[in-house]
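# Geometric and topological summary
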Amino acid sequence: MANLLWCNNAIILLASLFLANNAIVLEALKHSPNRIRNQPYRTGYHFQPPKNWMNDPNGPMIYNGVYHLFYQWYPNGAIMKVNEIVWGHATSKDLINWTPHSPAIKPSRPSDINGCWSGSVTILPNGKPVILYTGNDRNNRQVQNLAKPKNLSDPYLRHWTKSPVNPLVTPNAFNHINSTAFRDPTTAWLGRDGQWRMITGSQEGRRGLALLYTSRDFISWKQTAKPLHYNDGSGMWECPDFFPVAKTTSKGVDTSSFSVSVKHVLKVSLSDTSHDYYTIGTYDQVRDQYVPDDGFVQDDTAPRYDNGKFYASKTFYDSVNRRRILWGWVNESSPEKDNIKKGWAGLQAIPRKIWLDESGKRLMQWPVKEVESLRTTQVKWENKVLAGGGSLLDVHGITASQADVEVLFKVSGLEKADVIEPGWTDPQLICSQKNALSVKSGLGPFGLMVLASKNLEEYTSVYLRIFKASQKSKDHVVVMCSDQSRSSLEKGNDKTSYGAFLDVSPNQPISLRTLIDNSIVESFGGEGKTCITSRVYPKLAIGENTHLFVFNNGSQNVNVLSLSAWSMKSSL
């Protein structure tokens, strides 16, 4: 049903656009999906290209009031061939409804003939955007290249021109850079000396590095004597991202902002784990060194943006709305044969506003407010009690396969919480022990069952469990889980369960928000303190046969202070 609505909406919007800009519409039609029907797992409001493989988000920006998203795209099928990857391109006025364009950058020069890989956009002081990207050259070396818009009067910047002096930076015998581990340049920032700086990810043995470069003209780049930061034993640092965050406000700041009122964030994507990790720290402009705050280490012990499927992320500063926005790639959990049958693979998570928590020790995330424009039919509950021992309430009246749900839980009887086992230090293992309906404990599991079939042959549970920190302690530990173990009767899917500790007090109400979109489930606990994204492919719980439940399997009652659930219409 959602995909049929998408088709109708697309036709109406394309027809209206045709009157305004014939060329844009023809291009959009050329790239529109050719198999909208019989696609139960294609999303209604998450970004994905019309077809084929997509991975990393590249160079997101806002320019003259238009949002741009570039992305790694394989134009010839649903299984990526890395040597043929291009920069896909789409534009939007609201981060939700997107118009696809022809690829912005394609392999064509010796410096990128074997693939145009990830990179970033920088807005120069004159307001002009430029792209730095990694090319896989004719010798399969990873080199850094530059591209500029061909026509700045085109509001959609559909055509880009590569610099004649590409590549700008290359690995060679003098710099000893690993030519197979040198990629993904960041958005550049201006130092107080007037020079540009950017980093690329690299690896020396098991050491992960953020190699630092400086330039006065954005053409000639010089490697600094020391990297911005490194860590021994972490492996390759892919898709680094380096940006400031304000200490005392949730508003974003420009990438070149430096003052005592900001901290800095370094995010790396570890190829060893396929997860994104970030640290919060201080950037010393004099020494050109980044130092993480105490308690942070740039390895797989660092905090993650998302404790589910979420990789190769990239932020940008939205100067119009004064916010920093995070994009992240969400890969499939289905086997390659199924992706080939679908004709596509890969989504982007809903763009998220990101800011520094009041504690200064974590980043907060929340779906951009524009996604709320897709809300339609609403169901609202207040003060419903989920009795202990197996309560299950069906949320009727919305399109459960494509929904936005916000719940506020209040627990009592904290003295009845189970004591957490001393060895339970990995929340994912806690969440993987049993499925949500099989666990019996004092406080929890309680939460949502989404993309569920009527008789619960299939469901994905997003839930909370509360433990005592120790037998005599008054402190508690809250665990947030996303359990895919019963998500589908199909046996070939990856049904890994995900989990994270949620740093909230169970003495206060606990919030949970979940975005449901046919084959993706994005959940935000504690108003954005913890995020978990999952991909699922039910066989029964599809379209109108999908149900949404609220449940409590703990022995103690849980109060639903409020629940709001909306059907979500499809975006373009």
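Before reading on, note that the structure itself is shown above.
One structure accompanies this document, and this report is about it. Please read these numbers as outputs of a predicted model, since none were measured by experiment.

### Let's talk about the overall build of the chain
The secondary structure content of the chain amounts to 4 helices and 37 strands. Over its C-alpha trace the chain gives a radius of gyration of 24 Å, about what one expects of a compact globule, namely 25 Å for 572 residues. Dimensions of the chain along its principal axes, counting C-alpha atoms only, are 70 × 60 × 40 Å. Summarising the internal contacts of the chain: among those between residues at least 6 apart in sequence, 63% fall at separations of at least 24. Within the chain, one finds 63 positive and 51 negative side-chain charges whose respective centroids are separated by 3 Å.

### Focus: the state of the cysteines
This structure, assessed with the given rule, holds 1 disulfide. Sulfur-sulfur distance for the disulfide between Cys431 and Cys481 comes to 1.9 Å. Linking Cys431 and Cys481, the disulfide has an S-S dihedral of approximately -75 degrees and is accordingly described as left-handed. Here Cys481 lies in strand β31 (residues 476-483) and Cys431 lies in helix α4 (residues 427-432), a separation of 50 residues in the sequence. Classification of Cys481 by relative accessible area gives buried; the value is 0%.

### Let's talk about the pairing of strand β35 (residues 530-535)
Walk down a regular strand and you will see the side chains alternate between the two sheet faces. With 6 of its 6 residues buried, β35 lies for the most part within the structure. Where strand β34 (residues 520-525) lies against β35, 6 bridges are found, and the strand directions are antiparallel. Note that in β35 the partner of Phe524 across the bridge is Cys531. Following β34, the chain reverses through 4 residues before pairing antiparallel with β35; Gly526 in that reversal takes a positive phi of roughly 60 degrees.

### Here we look at the side chain of Ser497
Along the chain, the position of Ser497 falls in the loop between β31 and β32 (498-501). Within the structure, the side chain of Ser497 is placed 2.8 Å from the side chain of Asp483, a separation counted as a polar contact. Leaving out residues up to four positions away in the same chain, Ser497 has contacts with Gln428, Cys431, Ser432, Ser482, Asp483, Gln484 and Ser485.

### Describing the sheet that holds strand β33 (residues 510-517)
Overall, antiparallel pairing links the 6 strands, which are arranged β25-β37-β27-β33-β34-β35 in an open sheet. Edge positions in the open sheet fall to β25 (375-386) and β35, since each of these has one partner strand only. Here the strands of the sheet are splayed against their neighbours by 15 degrees on average, with no regard to which way each runs. Pairing of β33 with β34, which is carried by 5 bridges, proceeds in the antiparallel orientation. Note that in β34 the partner of Arg513 across the bridge is Phe524.

### Points about the environment of Asn151
The residue Asn151 is located in the loop between β7 (142-149) and β8 (160-162) in this model. Look at Asn151 and you get partly exposed, because its relative accessible area is 39%. In this structure, the C-alpha to C-alpha distance between Asn151 and Arg42, residues 109 residues apart in sequence, is 34 Å. Residue contacts for Asn151: discarding those within four places in its chain leaves Leu157 and His159. A polar side-chain atom of Asn151 sits 2.5 Å from a polar atom in the side chain of Ser153.

### Considering the sheet that holds strand β5 (residues 116-123)
Across a sheet, strands are paired by hydrogen bonds formed along the backbone, either parallel or antiparallel in direction. In spatial order, the strands read β5-β6-β7-β8; together these 4 strands make up an open sheet with antiparallel pairing. Here the strands that pair on one side only, and so sit at the sheet edges, are β5 and β8. Neighbouring strand axes in the sheet, compared pairwise and without regard to direction, differ in orientation by 30 degrees on average. Here β5 runs beside strand β6 (residues 129-136); their pairing, made up of 6 bridges, is antiparallel. Bridge assignment links Thr122 to a residue of β6, and that residue is Val130.

### A word on the environment of Leu228
Secondary-structure assignment places Leu228 in the loop between β13 (222-223) and β14 (229-231). Setting aside its immediate chain neighbours within four residues, Leu228 contacts Ile199, Ala210, Leu212, Phe242, Tyr283, Asp288, Gln289 and Tyr290.

### Overview of the pattern of salt bridges
Within the structure shown, the criterion is met by 27 salt bridges. In this structure, Glu370 and Arg323 form a salt bridge, with 2.6 Å as the shortest nitrogen-oxygen distance. With a gap of 47 residues between them, Glu370 in the loop between β24 (363-367) and β25 and Arg323 in strand β20 (residues 323-330) connect regions that are remote in the sequence. Summarising the burial analysis for this pair, Glu370 and Arg323 share the class buried. Several salt bridges share partner residues, and in doing so they unite Glu372, Arg375, Asp404, Glu406 and Arg513 into one network.

### Some remarks on the pairing of strand β2 (residues 66-74)
In terms of burial, β2 is largely enclosed, as 9 of its 9 residues are buried. Of the two faces of β2, both are covered, the one formed by Val66, His68, Phe70, Gln72 and Tyr74 as well as the one formed by Tyr67, Leu69, Tyr71 and Trp73. Taken together, the 7 bridges between strand β1 (residues 52-63) and β2 define a ladder with antiparallel strand orientation. Considered in β2, the bridge of Trp53 is made with Tyr74. Taking the residues that link successive antiparallel strands as the turn, the β1-β2 hairpin has 2 residues, and the phi of Asn64 there is positive, at about 50 degrees. In this structure, β2 lies alongside strand β3 (residues 86-92), joined through 7 bridges in antiparallel fashion. By the bridge assignment, Phe70 is partnered in β3 with His89.

### Digging into the nonpolar core
By size, the foremost hydrophobic cluster in this structure holds 38 residues, and its most contacted members are Phe409, Leu548 and Val550. Those elements that provide at least two residues to this core are β25, β27 (402-411), β29 (443-452), β30 (460-468), β31, β33, β36 (547-552) and β37 (558-568). Not counting chain neighbours up to four residues away, the residues in contact with Leu548 comprise Leu393, Asp394, Val395, Ile398, Ala400, Val405, Met449, Val450, Ile516 and Ala565.

Parameters and conventions
- Every chain is numbered independently, its residues counted from 1 as its sequence is written.
- Local features in a predicted model are, by the rule used here, given only for residues with pLDDT of at least 70; side-chain atom pairs are given and counted only at 80 or more, and totals for whole chains, interfaces and linings are based on all residues.
- The side-chain quantities take in all heavy atoms of the structure and omit both hydrogens and water.
- Secondary structure elements are taken from DSSP: a helix is a run of H or I of four residues or more, a strand is a run of E of two residues or more, and numbering for both begins at the N terminus.
- Using C-alpha atoms as the atom set, the radius of gyration is obtained and then compared with a globule rule of 2.2 Å times the number of residues to the power 0.38.
- When checking whether two residues touch, look at their non-hydrogen atoms; a contact exists if any pair is within 4.5 Å.
- Asp and Glu are treated as the negative residues and Lys and Arg as the positive ones, with His and the ends of the chain left uncounted.
- Charged side chains are reduced to one point each, which is NZ for Lys, CZ for Arg, CG for Asp and CD for Glu.
- Put simply, a disulfide is two cysteine sulfurs that come within 2.5 Å.
- Exposure categories follow from relative accessible area, calculated using a 1.4 Å probe and restricted to protein chains: below 20% of the type maximum is buried, above 50% is exposed, and the middle band is partly exposed.
- Strands pair, by our definition, only if DSSP identifies at least two bridges between them.
- We call two N or O atoms a polar contact when they sit within 3.5 Å, provided that within protein one can donate a hydrogen and the other can accept it, with sequence-adjacent residues counted only if both atoms are side-chain atoms.
- Every angle, taken between N-to-C directions, lies between 0 and 180 degrees, and every axis is a line fitted to C-alpha atoms, over only the stretch in contact when it is a helix.
- Only one rule defines a salt bridge in this text: a Lys or Arg side-chain nitrogen within 4 Å of an Asp or Glu carboxyl oxygen.
- Note on terminology: a nonpolar core comprises buried Ala, Val, Leu, Ile, Met, Phe, Trp, Tyr and Cys residues joined through side-chain atoms within 4.5 Å.

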